[in-house]
Structures are given as C-alpha cells and as structure tokens.
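Chain residues, written in single-letter form:
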Amino acid sequence: MISLSLMTSNPGKLREFRHELSSLGIEVTKSSEDCEEIQAETLEEVVRYCLKDLKRRKIRDVMIDDSGLFIDSLGGFPGVYSSYAFKTLGCKGILKLMDRLDDRKAHFSCCIGCLLRGGKEIIVTEGVKGRISAEERGSQGFGFDPIFVPDGESRTFAEIGIEEKNPISHRGRAIRAFAITLTGKVERTK
Ligand code: ITT
C-alpha cells in the first residue's frame, strides 16, 4: 500500500484524489502542512516554489495541487487567481463579467507536484477544454463546477458528478499521469 498526503484546504480536491487513487491502492490522507502562497504567472511556478519549500523543511510524500479556470475572452482570467476570484466573485461574479461575451471558451488546468521520500520530484500538468455556461447548473462538485461545461457534454461538471467528472477532468487526467510516474518511483510501505 502506498500512502501519500495531499496538502490542501479544499475538501473537493481531496475527494477527487481519493476517488481516483484508492482503486490503484494509493491511500490519500490530508496534510496539515502549508506552503507560503506566492503570486506567480503559472500554476507550475506555484507548485515548484512549494516543492522547494517542502524540501527545505524536509517534508516528504506530500502532494500539492494548484489549479485554475482560464477563460479565453477574459484574457485567461481568473487563471492563477482562481482561488481568490472564487472567494470574491464566485460563479455569479464570473457570469456577470461574461454577460455580453459571445466567446464562452475556457479551460481548467491542474498542476500536481510531489516530493517523494527519496528526494525525487514529480510534476505533471493536465487540462480540459470547455465553455462557460449561461447560468449556474448542478449541485455536485465544488468551485466553478456549476458554470463549466466540458467539450462533448451539455451538462456542467456540477451536474455530472465525480464518477463522470474524474475520467475527463483536468484533475482526473493529472492524477492518472501522476500515478503512472509515481508507481515506478515511490517506496512501498507495508
Ligand atoms: P488549496 O490551494 O488549499 O489546495 P484552493 O481551493 O485555494 O485550495 P487553488 O489555489 O488551486 O485551490 O485554487 C483553484 C480554484 O479554482 C479553486 O478554489 C476552485 O474555485 C477552482 N477550481 C480548481 N479546480 C476546480 C474544479 O475541479 N472544479 C471547480 N473549480 C475548480
């Protein structure tokens, strides 16, 4: 059994990690550690900075997830500011910003980083394309799920739920890419 912890304050992320990794025999606990928040231009920069901090503090087998929603017609906003934008504007505020915009294209991106006990690092980034809906729909998931419709779907992430979200989502894809790399790298515990 492999055991890793996820450093996050977001229960929705933790649920998606557990859902995806438990079937691969990887247990995910919640880490009580924290990283200093930096303002960077990319998700990967944030993750790299945090991994460096963990290394310095000798914290191992911890995963980090930095993710965001990038809206084409808003020049990629909220992007790396997604957490702040969700807290301040919420889904309603984003819909208001897009009131008169015909181009609804957007994508979610997720960067996962992990520092293993042997000192090796894994960093993967994956995304999912879609569009911003005209109104909020659905009650499952978290964050901007009620306003994001992935390509090939007519329902939002909040309508389809974790079982259908994980196979196609930015995070689901990143977790699977991460797991493939991980299983060749992590030391197994009994
Ligand atoms: P931690 O940093 O503690 O992990 P956070 O919620 O602040 O939690 P981020 O900094 O990565 O996480 O912020 C990303 C924001 O983007 C998050 O708060 C959500 O509002 C949104 N987001 C990211 N992934 C999402 C998803 O799968 N579904 C809906 N919204 C998502």
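Here is a short report on the structure shown in this document. Here the structure is a predicted model, which is why all the values come from computation and not from measurement.

1. Some points on unusual backbone geometry
Right, on to step 1. The omega angle of the peptide bond from Phe77 to Pro78 is 0°, so this bond is cis rather than trans.
Right, on to step 2. Positive phi, close to 55°, is recorded for Lys58, a residue that is not glycine.
Right, on to step 3. Mapped onto the secondary structure, Lys58 falls in the loop between helix 2 (43-56) and strand 3 (62-71).
Right, on to step 4. Note on Lys58: relative accessible area 68%, which makes it exposed.
Right, on to step 5. In the Ramachandran plot, Asp61 falls in the positive-phi region, its phi being about 55° despite a non-glycine side chain.

2. Looking at the pairing of strand 4 (residues 105-115)
Right, on to step 1. Counting buried positions along strand 4 gives nine out of 11 residues, so the element sits mostly inside the fold.
Right, on to step 2. Two strands pair when backbone bridges link them, and strand 3 and strand 4 are joined in this way by 10 bridges, in the antiparallel orientation. Counterpart to Ser67 in the pairing with strand 4 is Cys110.
Right, on to step 3. Taken together, the 11 bridges between strand 4 and strand 5 (residues 121-132) define a ladder with antiparallel strand orientation. Across the sheet, the residue bridging to Ala106 is Gly130, located in strand 5.

3. Quick look at the side chain of Asp65
Right, on to step 1. Here Asp65 lies in strand 3.
Right, on to step 2. Looking at Asp65, the relative accessible area reads 5%, which means it is buried.
Right, on to step 3. Engagement of the side chain of Asp65 in a polar contact is seen with the side chain of Arg171, the distance being 2.6 Å.
Right, on to step 4. Aside from chain neighbours lying at most four places away, what touches Asp65 is Leu6, Lys13, Phe17, Cys110, Cys111 and Arg171.

4. Some thoughts on the side chain of His170
Right, on to step 1. By the element assignment, His170 lies in helix 6 (residues 170-183).
Right, on to step 2. Note on His170: relative accessible area 2%, which makes it buried.

5. Description of the packing of aromatic side chains
Right, on to step 1. Summed over all chains, the structure comprises four aromatic pairs.
Right, on to step 2. Aromatic side chains Phe108 and Phe157 sit 6.1 Å apart centroid to centroid with 20° between the ring planes, which places their arrangement in the stacked category. Placement of the pair is Phe108 in strand 4 and Phe157 in helix 5 (residues 157-168), with a sequence separation of 49 residues.

6. Re the state of the cysteines
Right, on to step 1. Applying the stated criterion across every chain, the model contains one disulfide.
Right, on to step 2. Each sulfur of the disulfide joining Cys35 and Cys50 lies 1.9 Å from the other. A torsion of 90° about the S-S bond marks the disulfide between Cys35 and Cys50 as right-handed. In this pair, Cys35 sits in the loop between strand 2 (26-31) and helix 2 while Cys50 sits in helix 2, placing the two residues 15 residues apart along the sequence. This pair shows no difference in class: Cys35 is buried, exactly as Cys50 is.
Right, on to step 3. Considering cysteine sulfurs only, Cys110 is the nearest to Cys91, which forms no disulfide, with 18 Å between them.
Right, on to step 4. Here Cys114 stays unpaired: no disulfide links it, and the sulfur of Cys50, its closest cysteine neighbor, is 11 Å away.

What counts, and where the lines are drawn
- Residues numbered from 1 in each chain as written.
- Predicted model: local features only at pLDDT ≥ 70, side-chain atom pairs only at ≥ 80, totals over all residues.
- Heavy atoms only, no water.
- Helix = DSSP H or I, 4+ residues; strand = E, 2+ residues; numbered from the N terminus.
- Buried < 20%, exposed > 50% of the residue type's maximum accessible area, 1.4 Å probe, protein only.
- Pairing = 2+ DSSP bridges.
- Polar contact = N/O pair within 3.5 Å; in protein donor to acceptor, adjacent residues only side chain to side chain.
- Contact = heavy atoms within 4.5 Å.
- Phe/Tyr/Trp six-rings, centres within 6.5 Å; stacked < 30°, edge-to-face > 60°.
- Disulfide = S-S within 2.5 Å.

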